[in-house]
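# Structural description and commentary
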Amino acid sequence: MELFRRYGGNPVLSPDMWPYPANSVFNPGAVEHGGETLLLVRVEDFRGFSHLTIARSADGLGGWEISPRPTLLPDPGYAEERWGLEDPRIVWLPDRGEYAITYVSFSKGGPVVSLITTPDFQQFTRHGALVPPEDKDAALFPVTFRGKYALIHRPIIRGQAHIWISFSPDLRYWGDHRILLPVRPGWWDCHRVGLGPPPIGTEEGWLLIYHGVRITASGSLYRVGLALLDPDEPWRVVRRASSWVLGPREGYEFHGDVPGVTFPTGAIVSKGTLRLYYGAADKVVCLAYADLDDILLFLREDGVEGDRPLGEP
Ligand code: BMA
């Protein structure tokens, strides 16, 4: 049986549902808010720049109420947002009583990870860029470790695109950088890896859902993989699944602006079921779901033990 089942009503959001002109709607952050599913969707306009817009649904499947206007547009006061905002990840920070939205802001110097916080998705506070370019695919953990915030992100260094983890006492100054999950030469995730949704706390550790890229003769394939991090020392990889668990297969994952892309950015766990929201073919938002217990079982059976605590490639 398949671990992740696609929702029969996919895509859940598409540009033709948008209240204003949009080329593509994809790669959303996801969170439960006010008893509803809130997606903060990346919307690409017809200049090729992206902004973020809220869509809400009572059951997370249908009946979406889409904001008639963009929620977060590039702010001219922040040079790094010049060419748009992309691929948000949302996490609730209980110690601060607010949500953290990490997103990619696109500057002349390249893509960079930025932070916005909000208590209510109405008032937003910008904190600027967290790390230098080129960096993407970032999310905070919802808790601190030994008093430090932890950020998972994906810099590209000397052409290598591994997943890294960094720490900060104040969400501003970052250090203790380590490689967390490297690409695996020869495997399906050999060329690039990047975090999907924010890490998910489970009884066995932090569940990491990530995308892995293989570049082929006809373009890149973006598939989805799993790993488990130590609950208290999240720089230690306990297990990493061998096989991908979701990858391009359906028409909507091939017919879009970038064919062959499944790109998860949001997850909501409710009553033991994980709902995974992903961008398909850089065009639409789709949904797949799996039982959390089945995911942990899969990681035990298909998982390779983390043999490199510091993740050296
Ligand atoms: C990545 C990001 C994503 C995009 C993916 C596939 O590098 O830019 O926003 O969905 O490529 O094109």
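Residues numbered from 1 in each chain as written. Predicted model: local features only at pLDDT ≥ 70, side-chain atom pairs only at ≥ 80, totals over all residues. Heavy atoms only, no water.

Taken as a whole, helix α2 (residues 292-302) has its buried residues at Leu292, Ile295, Leu296, Leu299 and Asp302. All buried residues of α2 lie within an arc of 150 degrees about the axis, which places them on one face of the element. Of the exposed residues in α2, the ones pointing more than 90 degrees away from its buried face are Asp293 and Glu301. (Buried < 20%, exposed > 50% of the residue type's maximum accessible area, 1.4 Å probe, protein only. Helix = DSSP H or I, 4+ residues; strand = E, 2+ residues; numbered from the N terminus. Arc of directions from axis to C-beta.)

By size, the foremost hydrophobic cluster in this structure holds 25 residues, and its most contacted members are Phe4, Leu207, Ile209, Leu226, Leu274 and Ile295. For this core, the elements supplying multiple residues, two or more each, are β16 (205-216), β17 (219-229), β20 (273-280), β21 (284-291) and α2. When neighbours within four sequence positions are excluded, Leu226 is seen to be in contact with Leu3, Leu207, Leu208, Ile209, Tyr210, Arg240, Ala241, Val245, Ile295, Phe298 and Leu299. (Core = buried A, V, L, I, M, F, W, Y, C linked by side-chain atoms within 4.5 Å. Contact = heavy atoms within 4.5 Å.)

A few words on the site of the ligand. All residues adjacent to the ligand are Asn27, Arg42, Asp87, Lys136, Tyr222, Val258, Val261, Phe263 and Asp282. Between the ligand and Lys136 there is a distance of 3.1 Å, counted from an oxygen atom to a side-chain nitrogen or oxygen. Side-chain polar atom of Tyr222 to an oxygen atom of the ligand: 3.1 Å apart, as the coordinates give it. Within the shell around the ligand, the residues separate by chemical class into four nonpolar, one polar and four charged. (Near = heavy atom within 4 Å. Polar contact = N/O pair within 3.5 Å; in protein donor to acceptor, adjacent residues only side chain to side chain. Nonpolar A, V, L, I, M, F, W, Y, C, P; charged D, E, K, R; others polar.)

With that settled, consider the pairing of strand β13 (residues 175-181). By the bridge criterion, four bridges tie strand β12 (residues 163-168) to β13 in an arrangement that is antiparallel. Residue Trp164 lies in a different strand from β13, and its bridge partner there is Ile179. Here β12 folds back onto β13 in antiparallel fashion, the turn holding six residues, of which Leu171 has a positive phi close to 70 degrees. (Pairing = 2+ DSSP bridges.)

Further remarks concern the side chain of Glu44. Secondary-structure assignment places Glu44 in strand β3 (residues 36-44). Despite being buried, Glu44 has no salt bridge partner; Arg42 is the closest side chain of opposite charge, sitting 4.5 Å away. Filtering out sequence-adjacent residues up to four positions away, Glu44 remains in contact with Ala22, Asn23, Ser24, Phe26, Phe49, Ser50 and Asp257. (Lys, Arg positive; Asp, Glu negative; His and termini not counted. Salt bridge = Lys/Arg side-chain N within 4 Å of Asp/Glu carboxyl O.)

Another aspect to go through is the sheet that holds strand β6 (residues 85-93). The strand order β6-β7-β8-β9 describes an open sheet built from four strands, whose pairing is antiparallel. The sheet is open, and its two edges are formed by β6 and β9 (125-129), each paired on a single side. The sheet shows a mean angle of 20 degrees between the axes of neighbouring strands, taken without regard to direction. (Axes fitted to C-alpha atoms, helices over the stretch in contact; angles between N-to-C directions.)

The next point concerns the environment of Glu301. For Glu301, the location among the structural elements is in helix α2. We classify Glu301 as exposed; its relative accessible area is 66%. Considered as a pair, Glu301 and Ala241 are 60 residues apart in the sequence and their alpha carbons are 8.3 Å apart.

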